[in-house]
Protein chains: 2
Amino acid sequence: MKPVTKTLATLALTAPLAACTSQSDERPNVVLFLIDDLGWLDTSVAFGEECYPFNLRHDTPNIQRLSDEGAIMTSAYVCPVSTPTRTSIMSGMNAAHTRITNYTSVRKDWNPDATDTPSAQENDVLNRTEWNVNGITPIEREGLTRSVHVTPYPQLLKDAGYYTIHVGKGHWAPGGTPAANPHNMGFCVNVAGQIAGKPRSYYGEENYGNTSEAWNFFSVQNMAEYYGSGTHLTEALTLEALKTLDYPIERGIPFYLNFCHHAVHTPIHRDPRFFDKYVERGMDEGQARFASMVEGVDKSLGDLMAYLEAKGVADNTVVIFLSDNGGNSENLSKGGVRHTQNSPLREGKGSCYEAGIRVPMIVWWPKRVASGVRLNTPAMAEDIFPTVLAMAGVEGYKTVQELDGKNLVPLLTDGSQYVKQAMMAGEITSQQEANRYVVPESISGIDPERVVTAHFPHQWKPYQLDDIDYLSSVRKGDWKLVYRHRTQALELYNIGEDVTERNDLSASHPEKVHELAVVLSERLRGWDALMPTIRATGKPVPMPDEVAKANI
Amino acid sequence: MKPVTKTLATLALTAPLAACTSQSDERPNVVLFLIDDLGWLDTSVAFGEECYPFNLRHDTPNIQRLSDEGAIMTSAYVCPVSTPTRTSIMSGMNAAHTRITNYTSVRKDWNPDATDTPSAQENDVLNRTEWNVNGITPIEREGLTRSVHVTPYPQLLKDAGYYTIHVGKGHWAPGGTPAANPHNMGFCVNVAGQIAGKPRSYYGEENYGNTSEAWNFFSVQNMAEYYGSGTHLTEALTLEALKTLDYPIERGIPFYLNFCHHAVHTPIHRDPRFFDKYVERGMDEGQARFASMVEGVDKSLGDLMAYLEAKGVADNTVVIFLSDNGGNSENLSKGGVRHTQNSPLREGKGSCYEAGIRVPMIVWWPKRVASGVRLNTPAMAEDIFPTVLAMAGVEGYKTVQELDGKNLVPLLTDGSQYVKQAMMAGEITSQQEANRYVVPESISGIDPERVVTAHFPHQWKPYQLDDIDYLSSVRKGDWKLVYRHRTQALELYNIGEDVTERNDLSASHPEKVHELAVVLSERLRGWDALMPTIRATGKPVPMPDEVAKANI
């Protein structure tokens, strides 16, 4: 390099205050920190009534700190797979309502339901559903079918003066559709917004998949700075996310950061910052790789928190930590024994059993959310929409879609203070009691026994998986009903007593089965949800209340 | 699609004024509208002393309008190829000074000088130079060599409160370096910022190169919305650029848009909006494809202007229209006869003859730049840096590099008014007179006979091209000297009389040769510019004044 440095200066010294400042804008910044495929048991934060052995696998000090200083949502529910959760978040609608119940392909008009092998469909008793394979769209466009027109909340935030940033995985819709572009979703800034459900590679050495030999639609964009480096994708996305924040922070503009990590989705690619440690602890290769990815995400959260503190805005920033579905218990590249990796929860990603849909969720909001509390009122993916807008003080907004989600802010603020008081008063003395302490609807605005549904009318893999494919479920209070579309079997669990869903009580509690079947069926009918058709008859799989009625 | 539209609303109705507005910020918006490989004769705007036949090939009504309402820079000079111009713009330095004199590869530490065939180098009398193949960098980074650390002006604009947006081709540095990332260059927003010098494809039908079969580093990122569509890349980039402008405009924040089209660089891919028209006019396939690309760029400019007007900000926006080098006269995919496509100028892209370095430039600034004037004071790529900062009112800034460029604002404002007065007074009655009318240095702050150098110590293609490879040149007033490194020959032209550079006057004007050789040598020595070495002796090619001295 030729020395051309003649006039010395640092950029920091040449940064005057912007002309456009808004110091009086006290609206909070909001970060949705969305992790992919992170299971309920994958962090040191025990969301259950006790700390299970699997909570001890991974070092997650920053997620732990977030939970110590914020509220643990013990009953947060999303969808069994990625896109339905992400489109529920962006639309405020339940996935059964949008009819986006499976993950979208990178290709428009393509149904990725598992038919990779002809026998997968031919041997099935069901035909696959005609769901909205083109995801959501923020813009109606001629010729775009099987798509749901919605007003995404980032657009409403932007309209209200928020600086909106998307980083990482999108997966709201296929290529060739408006939602393939974060700028159409209401984001001012897009970094690496991706139509695919996973990255081609997490490795800088592999250019995150951007090589002539490896490229496919999963290759990650906007990362050329790190090509050939040892920077893991989780770190690269973090560095890029922080770069985008200086503009709004220096100008006093409130921001919304939609920070969507690809981790800890497959491919299970080691994060070199943490891998060796887990090998030394005796983990096998796959477990250590996965553990390093989890800790990479934890480090990303820590880096974000440190940045917000260094910039002096942490006190006025909300962080919502969430996973898009349960931990993957089907792919063995992460090590462990298939179908057990979310123990004691049953099954994993793809399933309507707890491990597929019950996920880590923490909300951190200094001074507004009480620290170290547990809130067991169910939260759902579609709640994010009205909740973020309420946090931002956006009211009276209009959307083209009908919202299903609830505003969680009263629960998070008044509700968490209510629980904190009980803790201080000694009314809560154990983790189990904390997990069962009820915030009344009069405070939170939400029925603590609100109905939580899940609906997955699909086969996930090219082979049949009885505990994953073609399931629906409903939870109300401690009771949960699971409906199997292939066999039209109904199972009943008391997940308050039996979080593992191993003790089917349907035979002994037919009235409870019927009650929940009616609740689930009413929801599904109200949303005009899709059911698969039975190959033999050509008729739709009956609603669960029809089955329950027949059983009584 | 399932009809879920229950609450009707339009986004336009839900866009209140932002909390952060700055109506009193009267600083102008600035758009650098940078075209790739657009030749001096490629538009209907006649930059020369007359309208040449080649000015009549393409319909460019919007570029014409820009020139009618703004100032035509008749003597705008850049570098023979892309990266040197783009890094000069971003650094404010002459390319000979940065030692970035050829285009950068997509790969770090890779010298793309033409050695594709072993014979190309072996048969040459010169060894290739060790230029700064890693381009510029806004951040010093350990292990990064052959790179020049600079403070890019978008960073200074951002620091001063401007909202800075990059769209399209970057080509400031290879992958794996900081300048591969527009966010490091001071841009708040990056759309499709590219390390490569051209797009893999202009066709939406080909996903702009994003297919497993076609992918390479030239495939365009951030365009998933248009995959499979008939949207030409020029239109897609335009649509995306406009999307990024609503945020600053609605909030009254001044913006800088670095709008860098890939067009009209190869591959010469038809713009379907305009192609048929040119075929009907009798053009051959290649000519019609190229013509449609030129008109596509013109349409982009028109769409931008219409958008600025519709938003009410056109009156306070500067548009700088510029090409990064001359028209390509070597690639026959655009039709025509090789080496003649910039007629009457000599040669084309890659060359230090006029057609390689003299480019279309127009500056449009309502109320500040007089309309319909011609300014013949030379402008150079490195002038953009101080000029844009002056337009934005940024003063007293510090940079790690020493600037070579001049602030063109006094020329553009007071100078254009001075010329306009002369036009009104009837002192200028012809295009030729207009092109020769001089704005004195007392008004513009710039010597109308300022020294313009070009330096290309490289072989461009895998085969030798005598009128392109290994040339340097200097222009001062009407006189121009061309120095051939291979033969150490000096040629002298009076481009005021002979814009074609066909009449070599060196034999009859040895003193003028010597005078210009001294000027050129002083510049090159002052910048510590690289000269190739002579294979036979291992010594550098002598400076032109050593040759001129020997010739006297």
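Residues numbered from 1 in each chain as written. Chains lettered and ligands numbered in written order. Predicted model: local features only at pLDDT ≥ 70, side-chain atom pairs only at ≥ 80, totals over all residues. Heavy atoms only, no water.

## Comments concerning the domain arrangement of chain A
All names here are of chain A. Each assigned domain of chain A is listed with its residue range as follows: domain 1 (4–21 + 28–95 + 141–426) and domain 2 (470–551). For domain 1 and domain 2, the distance between their C-alpha centroids amounts to 31 Å. Facing the 15 residues of domain 1 at the interface are 16 residues of domain 2. Here domain 1 packs against domain 2, burying approximately 1,300 Å² in sum over the two surfaces, 49% of which is carbon and sulfur. Ranking the residues of domain 1 by area buried against domain 2 places Arg 346, Cys 352 and Tyr 353 at the top, with a combined share of 45%. Linking domain 1 with domain 2 are 1 salt bridge, by the criterion used here. If you look at where domain 1 meets domain 2, you find 10 residue pairs in polar contact (both at pLDDT 80 or more). Split by residue class, the side of domain 1 that touches domain 2 holds 7 nonpolar, 3 polar and 5 charged. (Domains from an automatic or database assignment. Contact = heavy atoms within 4.5 Å. Buried area = accessible area lost by both parts, 1.4 Å probe. Salt bridge = Lys/Arg side-chain N within 4 Å of Asp/Glu carboxyl O. Polar contact = N/O pair within 3.5 Å; in protein donor to acceptor, adjacent residues only side chain to side chain. Nonpolar A, V, L, I, M, F, W, Y, C, P; charged D, E, K, R; others polar.)

## Side note on the sheet that holds strand S2 (residues 71–73) of chain B
Residues and elements named next belong to chain B. Taken in spatial order, the 8 strands line up as S8-S7-S9-S1-S10-S11-S2-S12 in an open sheet, and their pairing is mixed. Sheet topology places strand S8 (189–194) and strand S12 (373–375) at the edges, where each strand pairs with a single neighbour. Here the strands of the sheet are splayed against their neighbours by 15° on average, with no regard to which way each runs. Its contacts with the sheet put helix H10 (residues 384–391) on strand S1 (29–35), strand S9 (255–260), strand S10 (317–323) and strand S11 (361–364), and the angle it makes with S10 is roughly 170°. (Pairing = 2+ DSSP bridges. Helix = DSSP H or I, 4+ residues; strand = E, 2+ residues; numbered from the N terminus. Axes fitted to C-alpha atoms, helices over the stretch in contact; angles between N-to-C directions.)

## Topic: the packing of helix H14 (residues 510–526) of chain A against helix H15 (residues 544–551) of chain A
Residue and element names in this part refer to chain A. Two elements in contact, H14 and H15, have axes separated by 7 Å at closest approach and are oriented at 155°. Between H14 and H15, the interaxial angle falls into the category roughly antiparallel. The handedness of the crossing between H14 and H15 comes out as left-handed. Mapping the contact onto sequence places Val 513, His 514, Ala 517, Val 518, Leu 520, Ser 521 and Arg 525 in H14 and Pro 544, Asp 545, Glu 546, Ala 548 and Lys 549 in H15. (Parallel < 35°, antiparallel > 145°, perpendicular 65-115°, else oblique. Left-handed = near helix turned anticlockwise from the far one by under 90°.)

## Quick notes on the nonpolar core
If you look at the biggest cluster of nonpolar residues, it comprises 130 residues, and the most contacted ones within it are Tyr163(A), Met223(A), Tyr163(B) and Met223(B). The contacts of Met223(A), once residues within four sequence positions are left out, are Val191(A), Ala192(A), Tyr208(A), Leu233(A), Ala236(A), Leu237(A) and Glu240(A). (Core = buried A, V, L, I, M, F, W, Y, C linked by side-chain atoms within 4.5 Å. Buried < 20%, exposed > 50% of the residue type's maximum accessible area, 1.4 Å probe, protein only.)

## Some thoughts on the side chain of Arg251(B)
Assignment of secondary structure puts Arg251(B) in helix H6 (residues 233–251). Polar side-chain contacts of Arg251(B) include one of 2.4 Å to the backbone oxygen of Lys158(A).

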